[in-house]
There are 2 protein chains.
Amino acid sequence: MSKENYDACPPKCCDMRGMLSFLILWLLSKRPMYGQELAKEIGKRRGTKPNPGTIYPALKELKKRSLIKSKKEGRVTNYHITEEGRKGIQTACEYFCKAFGEIFQERMEAAKS
Amino acid sequence: MSKENYDACPPKCCDMRGMLSFLILWLLSKRPMYGQELAKEIGKRRGTKPNPGTIYPALKELKKRSLIKSKKEGRVTNYHITEEGRKGIQTACEYFCKAFGEIFQERMEAAKS
DNA sequence: CGTTAACTATTGGGTATCCGATACATTTAA
DNA sequence: TTAAATGTATCGGATACCCAATAGTTAACG
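Reading guide: rules and limits
Residues numbered from 1 in each chain as written. Chains lettered and ligands numbered in written order. Predicted model: local features only at pLDDT ≥ 70, side-chain atom pairs only at ≥ 80, totals over all residues. Heavy atoms only, no water. Least-squares fit on C-alpha atoms with pLDDT ≥ 70 in both. Contact = heavy atoms within 4.5 Å. Near = heavy atom within 4 Å. Polar contact = N/O pair within 3.5 Å; in protein donor to acceptor, adjacent residues only side chain to side chain. Helix = DSSP H or I, 4+ residues; strand = E, 2+ residues; numbered from the N terminus. Nonpolar A, V, L, I, M, F, W, Y, C, P; charged D, E, K, R; others polar. Salt bridge = Lys/Arg side-chain N within 4 Å of Asp/Glu carboxyl O. Buried < 20%, exposed > 50% of the residue type's maximum accessible area, 1.4 Å probe, protein only.

A. Representation of the relation of the copies chain A and chain B. Mapping chain A onto chain B leaves a residual RMSD of 0.1 Å; the transformation is a rotation of 180 degrees accompanied by 0.0 Å of translation along its axis. Here the two chains are linked by the operation of a two-fold rotation axis. Relative to the rotation axis, the C-alpha of glycine 18 of chain A is the closest in chain A, positioned 3.2 Å from it. When the interface residues of chain A are mapped onto chain B, 100% of them are again interface residues, pointing to one common binding face.

B. Layout of the protein's contact with DNA strand C. Neighbouring residues of DNA strand C: 24 residues in total, closest Arg46 and Gly53 of chain A together with Tyr34, Tyr56 and Tyr79 of chain B. Counting only atoms of DNA strand C within 4 Å of the protein, the fraction found in sugar and phosphate groups is 76%. Between arginine 75 of chain B and DNA strand C, the recorded distance is 3.4 Å, taken from a side-chain N or O atom to a base nitrogen. Among the elements of the structure, α1 (20–30) and α3 (52–64) of chain A together with α2 (35–46), α3 (52–64) and β3 (76–81) of chain B are those that each provide at least two residues to the surface near DNA strand C. At 5 residues, α3 of chain B tops the list of elements feeding residues into the surface near DNA strand C. Here the surface near DNA strand C is composed, by residue class, of 9 nonpolar, 9 polar and 6 charged.

C. Representation of the protein's contact with DNA strand D within the structure. Near DNA strand D, the surroundings consist of 24 residues, among which Tyr34, Tyr56 and Tyr79 of chain A together with Arg46 and Gly53 of chain B are the closest. Among all atoms of DNA strand D positioned within 4 Å of the protein, those belonging to sugar or phosphate total 75%. In this structure, glycine 35 of chain A approaches DNA strand D through a main-chain N or O atom, which is 3.4 Å from a phosphate oxygen. Measuring from a base oxygen of DNA strand D, one finds a side-chain N or O atom of arginine 75 of chain A at 3.3 Å. Looking at the surface near DNA strand D, the elements with two or more residues in it are α2 (35–46), α3 and β3 (76–81) of chain A together with α1 (20–28) and α3 of chain B. Among the elements that line the surface near DNA strand D, the one with the most residues is α3 of chain A, at 5 residues. Grouping the amino acids of the surface near DNA strand D by side-chain chemistry returns 9 nonpolar, 9 polar and 6 charged.

D. Structural detail: the pattern of salt bridges. Here the structure, examined in full by the defined rule, presents 20 salt bridges over all chains. Of the charged contacts, one joins glutamate 94 of chain B and arginine 107 of chain A as a salt bridge, the two residues approaching to 3.9 Å between their closest N and O atoms. Residue glutamate 94 of chain B is located in helix α4 (residues 83–112), and its partner arginine 107 of chain A is located in helix α4 (residues 83–112); the two belong to separate chains. On the basis of relative accessibility, which here comes to 27%, the residue arginine 107 of chain A falls in the partly exposed class. We note a salt bridge from arginine 31 of chain B to glutamate 37 of chain B, for which the minimum N-O separation is 2.6 Å.

E. Structural detail: the side chain of glutamate 41 of chain B. All names here are of chain B. Structurally, glutamate 41 is set in helix α2. When its relative accessible area of 10% is taken as the criterion, glutamate 41 is described as buried. Within the structure, the side chain of glutamate 41 is placed 2.9 Å from the side chain of lysine 44, a separation counted as a polar contact. The residues contacting glutamate 41, other than those within four sequence positions of it, are Leu27, Arg31 and Met33.

This is the structure:
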């Protein structure tokens, strides 16, 4: 899986933020990460990095719901997905592709012609 | 383009609502639709249909920003995307695929193996 | 003709996400 | 040693989206 920087720039016509918990769980399903690392990874994809005021409360909530757990490791606090979180994100990714897949397919088909 | 019903069921682990304006513009870029038709189309994809209290204020806002226009046609009010809206959604779709494309790619690659 | 169904639109209260600011802690650099 | 950088976390106010309820209109149905 490529680690390249996406350099996306959010469009002006509509707010495309949101689904933060989904993105957090998805990223953590790949590997554990600390808060700012997560923010940076989200920023790579979305073009804007969530502020501390956004990311930490979201992490706190996911932790409260036992979808992730945290562990101080050196100078950082790494967040790990739980088994419950892993099951949840599996379902969520399936849903995501069902709900939005057509948009993506449309662009791929346009790219082929 | 298929018109099949997706029957998606929203996951419990994270809130995946949002980006309503984006979805509205995208659907309207295909063809004009009236309010409840839009709600139904969104419901087909997301498994839950936005309520009138959600869809109409969003349409009102998009209209206010000149991204769509409305026209009473028979018993319904059809919404049409403007040229400005069409340009906007083009950009937004590009952004969407950059920001979230990896999730689709991941699932497609998993489906191939 | 009366009833039902479908559509339009608003309102009030709620929620996830968001920004910006702030404060603190620890490591790194000067 | 001090300053800068990096990370953690909270708080207050804002925004897009959300639900449920309500009310009105009009076409379709019985």
